[in-house]
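One-letter residues, chain by chain:
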Amino acid sequence: MTLDIPYRSIPEMFLKRVAATPDRPAFASPAADDSGPVWLTWAQVGERSTAIAAGLRSLGVKAEDRVAILANTRLDWVIADLGVMCAGAATTTVYPTTEPEEAAFIIGDSGSKVVIAENQMQAGKVSGATLPMLTHVVLMDGEADPAATPPQLTLAELEARGAATLAAEQDLIEKVVAAIGPDDLATLIYTSGTTGRPKGVQLLHRGWCWEAVAQSELGLLVADDLQYLWLPLSHSFGKSLLCGVIHVGLPTYVDGRVDKLIDNLAVVRPTIMCAPPRVFEKVYNKVVITAQQAGGAKAKIFAWAVRTGKQKVALEKLGKPIPLGLKVRYAAAHKLVFAKLHARLGGRIRVLVAGAAAISVPLGEFFAAAGMPISEGYGLTETSAGVFVNRPGSVRIGTCGTALGDVECRIDADGEILLRGAPVMRGYHNLPEETAAVFTEDGFFRTGDIGELSDDGYLKITDRKKDLVKTSGGKYIAPSYIEGVFKSLCPYTSQAVVIGQSRNYCTMLISLDPDAVAGWAAGGPLEGRPYAEIVASEQARALVGGYVDQLNAKLNRWETIKSFAILPRELSIEDGELTPSLKIKRRSTEANFAGEIDKMYEGTLAQM
């Protein structure tokens, strides 16, 4: 059945939302003193966004011109993005952690005419670069530099300029929006690139509007929800959620400060939160380690509560009634254990959504046992984010759920997932050959992911096609599966990277979570020592080695980890080992830790 999309573009959807519920809360940001959220109504957001749109038009921005946003997740990002699209232009998203050379490449390759930067530090990433298309830089924070080239102005000055333009031509933006069609460019998102140089993904208004309606159709977003949005808005996951917010009209607190996330959850008390698996892993690790360190009766009660929760979930999965005795035990488990986890997330969570990478089955089972099942989804930048997701109330752990809307999916002969439909990109910007290479003759997009589709439509991801490892013995290994199992076993893990391509056995690089390992060291001879010293200790190696033994007991012989190295630091975006959405860049990681890898294969023929 074809999904009915009642909008031609995001700006049309936005203006309809403003007209329908002008006085309802739309978006909030933290107060200057962090005393709580400060809300804007839809009418206020509409006024600011259309003023920015008119201001951009006065700078010479026209249909499908690109305007880059280089900033952290914040309310001004949302309003600027809406302003760009209401001007008929397309937003080029640039992660705030992007290095100057790559930022300049993205802005130059996209042909962006204006950059909206968070501050002078971000604006400095393009100063001195040869960008002939760039005419202006707009600053969210700080004063404009009158001597800068290209010329600078503040976001407030752009809004004032736009308000003056609208005073002279009140229906300017309405006329611009009326001319925007579903096949017009809305967003240019550069793939974070686990390999090679980033490619600009051309995403159209029809795809984003499809995302908005599809999320609403499955009950993922409802008008009575309150969302905490902290995800990078430079990423397709965050952008797709913004579209759903506009369609449904649910209030959303916007705050990209990850270090404030746990504290603010108790203040904002959202009913829905979306995150990559790493956030849920950190919550899980904290809960498990706290229970283990408590020892005695508390550790036993925790283990009993998790078993009880899993028994309840198992019966629910089979569609069987919950016996009275189990109901009573689960109520006690919730009161003694799980209620604390609910409180940590604000106490009102209705839906948790995971995307950007796979979550491990044990992690999914734990959150389901605690009464907060995670709706894992699947999508790519090239598909406007999510195209499969587990529906609330129908979560099947270990899968990405069923297809959204009317998107088509088939599995190719080699297991690759192929997708076709409205959310799929127009192509890669300025790369016609690469665009042609990722589409089949009948228009299906080659995702590069290996997966399985059940008879009732649930998708399971096996691995990335390009990430499959073939040992020198000819055996294929799925590293992300092994890494996921290990992280579920070892609550001290931050990241794990399996090595084995063209080698005669598998090894693993492991980084530990600083907070977790400091807690483990407390009360012992390593207490208070620097992180690098703790993880280099024989005690830490013995600790991790025990978990590696548990992992190997669950693997086929050719998959087992014969050696491991604990890294002296966590993998990072800044060192090129993680993408901004926290995916591992395997090639860069292996290059950065080549010495550690070589040591694990010393005396073997594995490097031939």
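Residues numbered from 1 in each chain as written. Predicted model: local features only at pLDDT ≥ 70, side-chain atom pairs only at ≥ 80, totals over all residues. Heavy atoms only, no water.

Visitor: Can you tell me about the pairing of strand E6 (residues 136-139), naming the residues and giving the values?
Guide: Burial along E6 is two-sided: His136 and Val138 facing one way and Val137 and Leu139 facing the other are all buried. Relative to E6, strand E5 (residues 114-117) is paired through 4 bridges, and the arrangement is parallel. Within E6, the position partnered with Ala117 by the bridge is Leu139. As defined by bridge partners, E6 adjoins strand E7 (residues 152-154) across 3 bridges and the pair is classed as parallel. By the bridge assignment, Val138 is partnered in E7 with Leu153. (Buried < 20%, exposed > 50% of the residue type's maximum accessible area, 1.4 Å probe, protein only. Helix = DSSP H or I, 4+ residues; strand = E, 2+ residues; numbered from the N terminus. Pairing = 2+ DSSP bridges.)

Visitor: If you had to explain helix H4 (residues 100-110) to someone new, which residues and values would you point to?
Guide: Those residues of H4 not exposed but buried are Ala103, Ala104, Ile106, Ile107 and Ser110. All buried residues of H4 lie within an arc of 160° about the axis, which places them on one face of the element. The inward-facing, buried residues of H4 contact strand E3 (66-70), strand E4 (90-94), E5 and strand E8 (185-190). (Arc of directions from axis to C-beta. Contact = heavy atoms within 4.5 Å.)

Visitor: Describe the pattern of salt bridges, with residues and values.
Guide: Within this structure, the stated rule accounts for 29 salt bridges. With its nearest N and O atoms 2.6 Å apart, the salt bridge here joins Arg350 to Asp225. Separated by 125 residues along the polypeptide, Arg350 in the loop between helix H13 (324-344) and strand E13 (351-354) and Asp225 in the loop between helix H8 (205-217) and strand E10 (227-229) bring together distant segments of the chain. Residue class for Asp225 comes out buried when judged on its relative accessible area of 3%. (Salt bridge = Lys/Arg side-chain N within 4 Å of Asp/Glu carboxyl O.)

Visitor: Describe the packing of helix H12 (residues 296-318) against H13, listing the residues and the values that go with them.
Guide: Close contact between H12 and H13 brings their axes to 9 Å; oriented N to C, the two are set at 135°. The angle between the axes of H12 and H13 places the two elements in the oblique class. For the element pair H12 and H13, the recorded crossing hand is left-handed. Contact residues: Ile301, Phe302, Trp304, Ala305, Val306, Thr308, Gly309, Gln311, Lys312 and Leu315 in H12; Leu326, Arg329, Tyr330, Ala332, Ala333, Leu336, Val337 and Phe338 in H13. Within the contact of H12 with H13, the residues separate by chemical class into 13 nonpolar, 3 polar and 2 charged. (Axes fitted to C-alpha atoms, helices over the stretch in contact; angles between N-to-C directions. Parallel < 35°, antiparallel > 145°, perpendicular 65-115°, else oblique. Left-handed = near helix turned anticlockwise from the far one by under 90°. Nonpolar A, V, L, I, M, F, W, Y, C, P; charged D, E, K, R; others polar.)

Visitor: Residues and numbers for the sheet that holds strand E25 (residues 506-512), please.
Guide: Pairing within the open sheet is mixed, and its 3 strands lie in the order E24-E25-E26. Bordering the open sheet on either side are strand E24 (493-499) and strand E26 (561-566), each of which pairs with just one other strand. Between one strand axis and the next, the sheet turns by 25° as a mean value, whatever way the strands run. Helix H19 (residues 538-552) contacts E25 and E26 of the sheet and is inclined by roughly 145° relative to E26.

Visitor: So what about the side chain of Glu281? Which residues, and what values?
Guide: When you line up the elements, Glu281 lands in helix H11 (residues 277-294). Once residues within four sequence positions are removed from consideration, Glu281 is found in contact with Leu363 and Lys487.

Visitor: Provide a residue-level description of the packing of aromatic side chains, including the pertinent values.
Guide: Applying the stated rule across the entire model yields 12 aromatic pairs. An angle of 65° between the planes, with centres 5.4 Å apart, marks the rings of Phe27 and Trp42 as edge-to-face. One end of the pair, Phe27, is in strand E1 (residues 25-30); the other, Trp42, is in helix H2 (residues 42-58), with 15 residues separating them in the sequence. Exposure class is identical for Phe27 and Trp42. Each is buried. Their ring planes at 35° and their centres at 6.2 Å tell us that Phe302 and Phe366 sit as a pair that is tilted. (Phe/Tyr/Trp six-rings, centres within 6.5 Å; stacked < 30°, edge-to-face > 60°.)

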